[in-house]
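Results of the structural survey
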Amino acid sequence: VQLVESGGGLVQPGGSLRLSCAASGFTFSTYRMSWYRQAPGKERELVAAITSAGGSTNYADSVKGRFTISRDNAKNTVYLQMSSLSPEDTAVYYCNAYNIVVGWSYDYWGQGTQVTVSS
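Since the structure is predicted, the reported quantities are computational estimates derived from the model, not experimental observations.

1. So, the pairing of strand S9 (residues 91–101)
Here strand S4 (residues 32–38) runs beside S9; their pairing, made up of seven bridges, is antiparallel. Across the sheet, Trp 35 pairs through a bridge with Cys 95, a residue of S9. Sheet topology places S9 next to strand S10 (residues 104–109); six bridges connect them, and they run antiparallel. Each residue of the ladder has a partner; that of Asn 96, found in S10, is Trp 109.

2. Looking at a nonpolar patch on the surface
Together, Val 101, Val 102, Trp 104 and Tyr 106 make up an exposed nonpolar region whose accessible area comes to about 450 Å². One can find Val 102 in the loop between S9 and S10.

3. With respect to unusual backbone geometry
Trans is the common state for peptide bonds, and a negative phi is the common state for residues other than glycine. One non-glycine residue with positive phi stands out, namely Asn 76, at about 55°. Mapping Asn 76 onto the fold places it in the loop between strand S7 (67–72) and strand S8 (77–82). One non-glycine residue, Ser 84, lies in positive phi territory at about 50°. One can find Ser 84 in the loop between S8 and S9. The partly exposed category is assigned to Ser 84, whose relative accessible area is 44%.

4. Quick notes on the sheet that holds strand S3 (residues 17–24)
The strands making up a sheet associate through backbone hydrogen bonding, with each pair oriented either parallel or antiparallel. Across the sheet, which stays open at both edges, the four strands sit in the order S1-S3-S8-S7 with antiparallel pairing between neighbours. This sheet does not close on itself; its edge strands, each paired only once, are strand S1 (2–6) and S7. The mean inter-strand angle of the sheet, taken between neighbouring strand axes irrespective of direction, is 15°. In this structure, S7 lies alongside S8, joined through six bridges in antiparallel fashion.

Definitions and cut-offs
Throughout this description, residue numbers start from 1 for each chain and increase along the sequence as written. For this predicted model, a pLDDT threshold of at least 70 governs which residues receive local features, and a threshold of 80 or more governs which side-chain atom pairs are given and counted, while totals over whole chains, interfaces and linings are taken from all residues. The side-chain numbers reported here are obtained from all heavy atoms of the structure, hydrogens and water having been left aside. Only strands joined by at least two bridges in the DSSP assignment are considered to pair. Helix and strand definitions here come from DSSP, where helices need a minimum of 4 consecutive H or I residues and strands a minimum of 2 consecutive E residues; each element is numbered from the N-terminal end. Without a salt bridge and with relative accessible area above 30%, a residue can belong to a patch; like charges are then joined within 9 Å and nonpolar side chains (Val, Leu, Ile, Met, Phe, Trp, Tyr) within 5 Å. The Shrake-Rupley method, run with a 1.4 Å probe sphere, supplies the accessible areas, and residue values consider only the shown protein chains as cover. Whenever a carboxyl oxygen of Asp or Glu lies within 4 Å of a side-chain nitrogen of Lys or Arg, that contact is scored as a salt bridge. Burial here depends on accessible area, computed with a 1.4 Å probe over protein chains only, as a share of the maximum for the residue type. Under 20% is buried, over 50% is exposed, and the range in between is partly exposed. Every angle, taken between N-to-C directions, lies between 0 and 180 degrees, and every axis is a line fitted to C-alpha atoms, over only the stretch in contact when it is a helix.

Okay, structure coming up:
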């Protein structure tokens, strides 16, 4: 199983970035996919999640209206489009895949990608 994030980097306040997470080694289209982030000295927090077929999404209040999660099940990839970025969005962003099958939970994480918002 692999989740490989990309697209992070340094961006100025007010700018935009799109993160990608390429998945392999499991049946991507059956998993709920999420983006989490962890800022220095803070706990990891859920940023956005999307159901397996992409029909439902949810967002942290702090990113609503600025971030959009989407997925392409044909490409086994989940995206996080981030706009109107602020320094408070600076964190390592992690991709997560989660599913429950016959009572067993499956929970996979990527290695993270750094997003730094600074002038």
